[in-house]
Amino acid sequence: MIKKVLVLYLLIFAVLNQSFGGESVVKTIYKNGLTLIYKETQGQGIVAGSIFIKGGSYEDTKEKAGLTNLTLKLLLQGSSKYSQYDISKFFEDSGGYISVSTSEDFSNIDFAVRVEDLPKALDIISDIINNPTFPEDKLQQEKSNIIAQIKARKEEGFAYGFDELRKEIFKGTNYEYSPMGLEESLSKIERKDVLDRWEVLKNSNRMVVSIVGDMPFKEAQKYLKVFERIPKKEKFEFPNVDKKIEDIPCKETKREGAQSTIMIAYNAPTIKSKDYIPFRVLNGVLGSGFTSRLFQELREKRGLAYAVGSFFPARINIGTVVAYIGTDPKKTEESVKGIRQVVDSLKEGIKEEELNTSKEKIIGSYLMDHQTRAKQAYYLGWFEMLGLGYQMDKVYPNLIKKVKLSDIKPLYEKYLSKESTCIVIKP
């Protein structure tokens, strides 16, 4: 069965191969320092793009936690030429969308439209970037919306658990709170704070624009020149935060609910580390999907889990891998012990079959994710923005495929054998 799935993924890869960077991608650096990545496709007449802005919630102080996320949300509430209604109506009428997001290290403006609507879409986006209005009434409305989302996270065991975990993992750094911020900090943010924050982010030297669509680059060039209007300011370098997870006993927190949520975090490589790719494969063995050790041991064999697995975020700073389980409160202690036992089982090594299954899952998921122009644009821009180069989008599956057991063997001792941080959310 696994071999059949791999054959299917390889066929998909053959079909999608042209979407993975390479010679068909054009990279341009404008005089203002902005980097443009453009990939021409053929299909249904769609163009999608991702505008990456280096700088996320890490730059927010604790007193203004959530400022960057709030600022990005307000971008879509109107500009000098276009009202919020005008912006929403145009993208909806085009059958597309425009959205914003904020992570710890960078922010995004994502969009998709029909090819014929690209000129106006870019004009709207240019005005949003250069001339946002940040209306006071919308500021108060967005603050209320975000505060409601923060409160709602406390009702979700997994989300609440991770918010508590990050306080321990990232203690003493600006990664300590989520990009949404804190209720108390959001209530104090004023319009001037938003204006000042956007003046910092509105910097062509911080931006990578990635566009994938069914329009020749030569034709699109004249419309893409709108990005030359963005002002050039000082260069930006991602901060280097040298911090490791500390070894602490499980911290228990009470909340209403029917199950316990347990999260144990271990050190892991950052995305620029040579260990990142093999550790990605190791995480697939540990806790990704039904074939993983955590799932097979704790759910299938022991019947401990409602949900179980591990996740390994791609981070610029403070690499972490988190093993988690949702379980019956009566099985909390057994589940904590079970997670540690499964993680420790990695020191005995892994089998060739586990290695191959993990690689097939990662490659297959990656290829399937690239079926939309939006995702193609995102990955090309994301790799470029991180400093790895857009070419990484094409070579990534091959790098995963080349991982050997000897590449994985040292990783347990290096990252998983020592410190860990544990959170237990219990009714």
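Cut-off values and rules
One numbering rule holds for all chains: residues counted from 1, following each sequence as written. Since the coordinates come from a predicted model, pLDDT governs what is reported: local features require at least 70, and pairs of side-chain atoms require 80 or more to be given and counted, while whole-chain, interface and lining totals use all residues. The basis for the side-chain values is all heavy atoms of the structure; hydrogens and waters are excluded. The aromatic pairing rule takes the rings of Phe, Tyr and Trp, using the six-membered ring of Trp, and pairs them if the centres are within 6.5 Å, calling planes under 30 degrees apart stacked, those over 60 edge-to-face and the rest tilted. Labels follow the DSSP assignment, with helices taken as runs of H or I lasting at least four residues and strands as runs of E lasting at least two, numbered in each case from the N terminus. Only protein chains enter the calculation, and the probe is 1.4 Å; a residue is then buried if its accessible area is under 20% of its type maximum, exposed if over 50%, and partly exposed in between. Whether a charge sits over a ring comes down to the Lys NZ or Arg CZ being within 6 Å of the ring centre and within 35 degrees of the ring normal. Throughout this description, the term salt bridge denotes a Lys or Arg side-chain nitrogen within 4 Å of a carboxyl oxygen of Asp or Glu.

**Observations regarding the packing of aromatic side chains**
Thinking step 1. Evaluated as defined, the whole model comprises 21 aromatic pairs.
Thinking step 2. Here the aromatic rings of Phe52 and Phe106 are separated by 5.8 Å at their centres, their planes lie at 55°, and the arrangement is tilted. With Phe52 in strand S3 (residues 46-54) and Phe106 in strand S5 (residues 106-114), the pair connects residues that are 54 residues apart, well separated along the chain. As far as burial versus exposure is concerned, Phe52 and Phe106 are alike and both buried.
Thinking step 3. One aromatic cluster is present, built from ring pairs that chain together Phe52, Phe106, Tyr366, Tyr378, Tyr379, Trp382, Phe383 and Tyr396.
Thinking step 4. A cation over an aromatic ring shows up here: Lys375 above the ring of Tyr378, its NZ or CZ 5.8 Å from the ring centre.

**Looking at the pattern of salt bridges**
Side chains that differ in sign of charge can pair as their charged atoms come close.
Thinking step 1. Scanning all chains against the criterion turns up 28 salt bridges.
Thinking step 2. Between Asp123 and Lys81 there is a salt bridge whose closest N-O contact spans 2.8 Å. Of this pair, Asp123 sits in helix H4 (residues 118-130) while Lys81 is found in the loop between helix H2 (67-75) and helix H3 (84-93), placing the two residues 42 residues apart along the sequence.
Thinking step 3. You can call Asp123 buried: its relative accessible area is 19%.
Thinking step 4. One salt bridge connects Glu164 with Lys167, and the closest N-O pair in it is separated by 3.0 Å. Of this pair, Glu164 and Lys167 both sit in helix H6 (residues 157-169), 3 residues apart, which is roughly one turn of the helix.
Thinking step 5. Assessed through its relative accessible area of 10%, Glu164 is described here as buried.
Thinking step 6. The partly exposed category is assigned to Lys167, whose relative accessible area is 36%.
Thinking step 7. By sharing partners, the salt bridges in this structure join Glu59, Arg197 and Arg206 into a single network.

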